[in-house]
Each structure stands twice: as C-alpha cells, then as structure tokens.
Amino acid sequence: MEPNTLQFDQYPQQPHGGTLVNQVVPEHLREAELARAVDLPAIRIDLEAVITIEMIATGVLSPNKGFMKEVDYLSVLENGRLSNGVIWPVPLSFAPSGAHNAKTIKNLKVGDQVVLVNTEKQPIALLDVEDIFPYDKSLRAQKLFGTTDRNHPGVDSIYRRMGDTSLGGTLHLLNRVDWGPFEKLRQEPKDTWHLFYEKMKFNSVAGFITGANPLHRGHEYIHRNALEEIDGLFLQPLVEMAKREYVRHEYRMQAYRNVLDTYYPKDRSILSPLRVTYIFAGPRETVLHALIMKNYGCTHALIGRDHAGIGDYYDKYASHSIFDQFTPGELGIDIRLFHEVFYCSRCASHATTQTCSHDERFRLNISGTGIREMLRHGILPPKEVVRPESALAGIQGVQPKGVDENNEAVLPVGKVIKSMYPYYLNYTRLGGQKRHQPLDIKDLNVRDLEAATLDARQHATDIYADVYAEYSALLDHNRNLQPIWQEDARQALRLQQERLISDLEEKLQQAPETASDEFMYQDRAEVERELNVANKLLADIPTSLQAEHLQERTWNVLPYKRYRGADNDD
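Residues numbered from 1 in each chain as written. Predicted model: local features only at pLDDT ≥ 70, side-chain atom pairs only at ≥ 80, totals over all residues. Heavy atoms only, no water.

K.L.:
Would you mind going over the state of the cysteines with me for this structure?
P.N.:
According to the stated counting rule, one finds 0 disulfides in the structure shown. Cysteine Cys356 remains unbridged, with the sulfur of Cys344 as its closest cysteine sulfur at 3.7 Å. Given a relative accessible area of 8%, Cys356 falls into the buried group. (Disulfide = S-S within 2.5 Å. Buried < 20%, exposed > 50% of the residue type's maximum accessible area, 1.4 Å probe, protein only.)

K.L.:
Whenever I open this one, helix H13 (residues 368–376) confuses me. Can you help?
P.N.:
In an α-helix, one full turn covers 3.6 residues, which means residues spaced three or four apart are oriented alike. Within H13, 8 of the 9 residues are buried, which leaves the element mostly enclosed by the surrounding structure. Among the residues of H13, Gly368, Gly370, Ile371, Arg372, Glu373, Met374, Leu375 and Arg376 are the ones counted as buried. The inward-facing, buried residues of H13 contact helix H14 (388–397), helix H15 (413–420) and helix H16 (446–459). Positioned one or two residues after H13, Gly378 has a phi angle of 75°, which is positive. (Helix = DSSP H or I, 4+ residues; strand = E, 2+ residues; numbered from the N terminus. Contact = heavy atoms within 4.5 Å.)

K.L.:
Would you take a moment to explain the packing of aromatic side chains for this structure?
P.N.:
Each pair of aromatic rings is reported with the distance of its centres and the angle of its planes. Applying the stated criterion across every chain yields a total of 15 aromatic pairs. Centroid distance Phe196 to Tyr197: 5.9 Å. Interplanar angle 80°. Geometry classified as edge-to-face. Neither residue differs from the other here; Phe196 and Tyr197 are each classed as buried. Here a set of aromatic residues connected by ring pairs shows up, and it is made of Phe8, Tyr11, Trp193, Phe196, Tyr197, Phe202, Phe234 and Tyr296. For Arg387, the ring lying beneath its charged end belongs to Tyr263, and the centroid distance is 3.7 Å. The residue whose ring lies beneath Arg435 is Tyr424, and the NZ or CZ to ring-centre distance is 5.1 Å. (Phe/Tyr/Trp six-rings, centres within 6.5 Å; stacked < 30°, edge-to-face > 60°. Lys NZ or Arg CZ within 6 Å of the ring centre and 35° of its normal.)

K.L.:
So what exactly am I meant to see when it comes to a nonpolar patch on the surface here?
P.N.:
Where nonpolar side chains cluster on the molecular surface, the patch consists of Trp555, Val557, Leu558, Tyr560 and Tyr563 and spans about 630 Å² of accessible area. Inspection of the secondary structure puts Val557 in the loop between helix H20 (547–551) and helix H21 (560–563). (Patch = residues over 30% accessible without salt bridge, like charges linked within 9 Å, V, L, I, M, F, W, Y side chains within 5 Å. Areas by Shrake-Rupley, 256 points an atom, 1.4 Å probe, with all protein chains shown as cover. Salt bridge = Lys/Arg side-chain N within 4 Å of Asp/Glu carboxyl O.)

K.L.:
Hey, could you run me through unusual backbone geometry in this one?
P.N.:
Where the residue is not glycine, phi is negative for most of them; where a peptide bond is considered, it is trans in most cases. Between Ser62 and the following residue, Pro63, the backbone shows a cis peptide bond with an omega angle of 15°. Mapping Pro63 onto the fold places it in the loop between helix H2 (47–57) and strand S2 (66–67). In this structure, Asn407 is a non-glycine residue whose phi angle is positive, near 65°. Following the sequence through the fold, Asn407 ends up in the loop between H14 and H15.

Here it is in structure tokens:
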C-alpha cells in the first residue's frame with residue numbers, strides 16, 4: 001500500500017502537518033540512483049543516523065522530509081515548533097563527526113548532493129544539501145535537555161556523536177535496513193493506516209510506546225482502560241537503542257507476544273516494533289512519541305506517569321504537564337494521561353491515586369527498574385506486578401543477567417525494596433501493623449527482598465479475601481456456602497467459654513474479701529476481674545448462626561406471586 005493511495009480525507013485521523021511523507025526512492029528508479037551515487041561525495045553515518053533517516057523517509061516523522069535547516073532547527077530548539085508554527089518538539093539535525101566526514105563537509109556547498117553510507121560503506125540515502133550551519137553542542141544540550149551535564153545520556157550522546165557543522169536538506173532513502181527478528185512484525189505508517197481504516201474498519205486507535213521494560217501489569221492496566229472505549233490498540237515497544245542495564249529488545253518483544261497471546265483481544269491488539277533512536281529528552285520526547293503515534297494513524301496516545309523519564313532530571317509528571325502548552329486542535333491527537341499504577345491488596349485490583357484511597361500499607365508498586373533488579377537477583381516478581389509469561393522472556397533478556405561477586409545488582413537492594421514494596425520499611429507485613437522502629441533502607445539486604453517477595457506472593461490476595469469472608473460469614477443465609485467446620489468451631493468456642501464463665505460465677509460466690517494466702521488463693525476483686533474478662537471474650541467470639549436466627553431475617557409482605565407481577569388472585 002503506497003501513501004498516495006490512502007484515503008486520508010475519509011479517515012478519523014490525519015498525518016501531522018497534513019501529509020504523510022514518503023521519501024523512499026521508487027523501485028523503478030532505485031538502481032539508477034544507486035549507480036549515480038557511486039560518483040557522489042560520501043558521508044559515513046552510524047546506526048543511530050541510519051535509523052533516523054529511515055524514520056524520516058517512511059513518514060514516521062512527518063512532516064519532515066529531511067534534516068532541518070537552521071531556521072527550523074533553532075525554532076524547534078527555542079519554541080518546540082517548526083518555523084511555520086507546526087508543533088515539533090525535537091530538532092532533527094545532522095552533524096557528522098570524524099576526520100573523513102569533516103574533510104567531505106568542508107568541500108560542500110548548498111545545492112550539492114551527497115550519499116550517506118553506513119559503517120560497511122553501503123549506500124543508505126541521498127541528501128540534498130540545502131543548508132550548512134554551525135552546530136553548537138552546548139546550546140543544543142541546554143535548550144533540549146535543560147542541562148549540559150555529561151551524566152545526562154542525551155547530553156553525552158551529543159558530545160560523543162556529533163561534529164561541529166550541521167547539514168540540512170531533503171533525504172531520499174535508497175536501502176531499508178533489515179530488522180532481523182523484528183522484520184516479520186515491522187509496520188511502516190503506510191501499512192498501519194491501511195490496516196486500521198481500510199482492513200479493520202476501526203474508528204479509533206490508541207497508540208502506546210514503551211521502552212526499557214518487559215510488559216508489566218501497569219502497562220496492562222492502561223491498555224485495558226483504553227480498550228473499554230477505543231476500537232484498536234497499537235503497541236510499539238522501542239527497539240534498537242537502549243542502556244546496557246535494560247532488557248534486550250528481542251526479549252521485550254517476546255514478553256509482549258507471550259502476554260498478548262493469552263490475555264488480550266487478538267482482533268483489537270496490534271503489536272509492532274518501533275525502531276527509533278533514544279533522544280533522552282524527557283517531556284519533549286513524550287510529545288515526539290505522541291506525534292509518531294499520530295503519523296502511524298492513531299487517534300489517541302496513551303501516556304504513563306514517567307514516559308521517557310531520565311532519572312531525576314525531570315519532574316515525574318513533566319510528561320503530563322507539557323501537553324498543557326498545546327491546544328487539542330494543533331496537536332491533533334487525543335492525549336490520555338495515566339497516573340502511576342500499583343496493585344492495592346485492599347481493593348484487590350490495580351489502581352492509581354486517582355481511583356484508590358488506600359495508602360502504601362496495602363500497595364505493591366509496579367516499578368520497571370525494580371522489576372529488572374528482581375530479575376537480576378533471580379527472583380520472579382509477584383504476579384500482580386508482572387505476569388509470569390512476560391517474566392519468562394524478561395529474566396533471559398535482562399542485562400546483566402545476574403549479580404556480582406558481592407551478591408549485588410545494578411542498584412542497592414534497599415532501593416529495589418522501597419520501589420516495589422513501599423510498606424516494608426514501615427509495616428511488619430503487607431497490610432500489617434506499623435513497625436515500632438522503621439527499617440533503614442541502607443540496612444536492607446537480599447534476605448529482606450526475599451521476605452518481602454514471599455509476603456507479597458502469599459498475601460497479596462488474602463487481605464480482600466479475608467474481608468469478604470467476614471462479610472459472607474454474617475450475610476450468607478444459605479449456610480451451605482459457609483465452611484461447616486468454622487460453624488462447629490464457633491459453637492465449640494462459645495460452649496467452652498460459657499462453661500468457664502459458669503465456674504467463675506460459682507467461684508465468685510465463695511470468694512473471700514481478703515485472701516488468706518495471696519499465692520494460693522484469690523480474693524473477690526480478682527475473681528470479679530477474671531469473670532469480667534471472660535464475659536468480654538465471650539462477646540468477642542463470632543456468632544454461630546442458627547436456623548432460627550436466619551429465619552428471622554427473611555419475610556414477605558405480599559404473597560410471593562405478587563412479586564412476580566401477578567396482580568390478581570387467580
């Protein structure tokens with residue numbers, strides 16, 4: 001399906017900027033262009049540039065047809081918009097590094113054309129040189145990331161990868177790169193528009209982009225909420241570029257496939273990898289992801305609490321508040337924002353602070369970082385946090401796969417426990433009593449992680465079940481639903497306690513005001529005290545409901561047939 005055959009005027013969505021870009025050289029012209037490229041000056045590019053070029057050429061980053069000229073580049077840096085006012089949060093710049101590239105660039109002028117080749121010197125694309133301008137690394141870092149700290153991965157990438165001169169101009173893709181194990185799941189925008197609106201006849205599609213972690217129950221909560229009102233769900237795990245301590249992308253994709261096979265509606269859930277470069281731009285990158293979803297044809301974008309977050313560089317809800325800067329009309333995609341998802345053992349359901357009133361005493365948090373750390377320790381997280389089908393792939397793909405010689409993983413165990421089990425520092429167990437002395441996070445070790453995990457596995461569903469059992473014990477008129485042994489035990493308890501009280505009452509009648517031997521005998525006051533306690537204990541014993549008591553609970557004011565709608569006596 002080619003973009004020019006799609007009927008955009010008949011779809012519920014439009015590409016960003018109004019046009020789905022297609023800068024792929026047509027097949028009938030490709031051989032001639034490849035032959036001509038042999039004589040063009042060549043610039044060598046890394047894998048990140050290869051991925052970005054393919055995204056541009058296939059319309060993922062519409063309306064951009066190439067790398068930005070200076071006027072658009074500076075406008076995006078300063079205002080988050082192209083020079084014509086269209087929202088665009090992240091500049092698409094091309095400043096090749098290296099001595100070979102610097103020599104080539106020095107001899108270029110506006111109007112030239114260059115061929116971009118990968119590390120194996122295979123041609124990837126042609127670039128029409130339409131602008132040449134200085135590339136200010138510190139300016140880009142400060143404007144885009146709000147910091148020039150080299151510890152920020154985006155800042156570090158600028159100084160590692162980029163040169164001093166930027167080229168702007170239109171791209172023409174010559175060769176798509178094979179996606180290996182993802183090729184069979186690959187979808188380009190032209191494919192998804194056709195799939196959503198021509199083949200599946202959807203009226204709405206929710207997009208969801210996720211990165212470093214295997215599919216967990218927090219993701220699933222968001223997906224299920226969307227599927228209640230939106231026709232289709234388009235899931236795009238990011239693949240290719242990731243930090244080394246993440247879960248490898250092949251395994252993350254398998255985690256998604258494992259869970260989708262069993263738990264998701266197959267005719268409404270579409271999985272496709274998104275081969276994209278990580279920009280590490282926090283809230284700006286969140287806006288970029290929303291526009292990418294729009295260019296794939298999605299009408300809605302599902303955004304979690306810390307979408308595209310980078311450590312502590314941005315507020316945890318910055319990826320929500322940034323959308324306040326745009327009107328729905330100019331953004332052109334319905335943004336659905338979700339707060340942090342956790343499992344509440346008192347509600348017996350997944351929830352957020354928007355839907356649950358219970359505090360951390362009852363919570364299991366769903367932390368992607370915590371999940372990865374548990375997998376490194378060889379511990380399967382509770383099923384309320386991540387499904388075992390997902391963990392099967394995740395534990396094989398996490399990097400590194402184990403702990404070091406000191407039994408430590410990437411993060412201290414105490415931080416993992418705090419992120420996953422917020423109750424553990426202050427409460428004796430999930431839903432339990434407050435500790436006399438809170439635990440110090442620095443003192444926690446893997447034994448504490450094991451204890452908290454076992455507690456969660458065994459008791460996450462017990463709390464609500466116990467509450468329900470109390471209500472059912474009182475309210476089941478049909479006692480066949482109640483365990484007979486519990487009824488028997490309650491009757492025995494009451495009989496035994498009543499017998500004890502009878503003996504104490506007899507003893508009280510004989511008790512002296514003053515005991516002749518305080519070690520051997522009791523005075524009247526002490527016997528009275530014991531009798532009072534025994535009576536209070538009897539009152540605390542749950543009632544064993546008798547048939548005559550249950551009969552008192554039900555009656556009918558009218559003949560029963562009147563409740564069925566019979567208004568006459570016949």
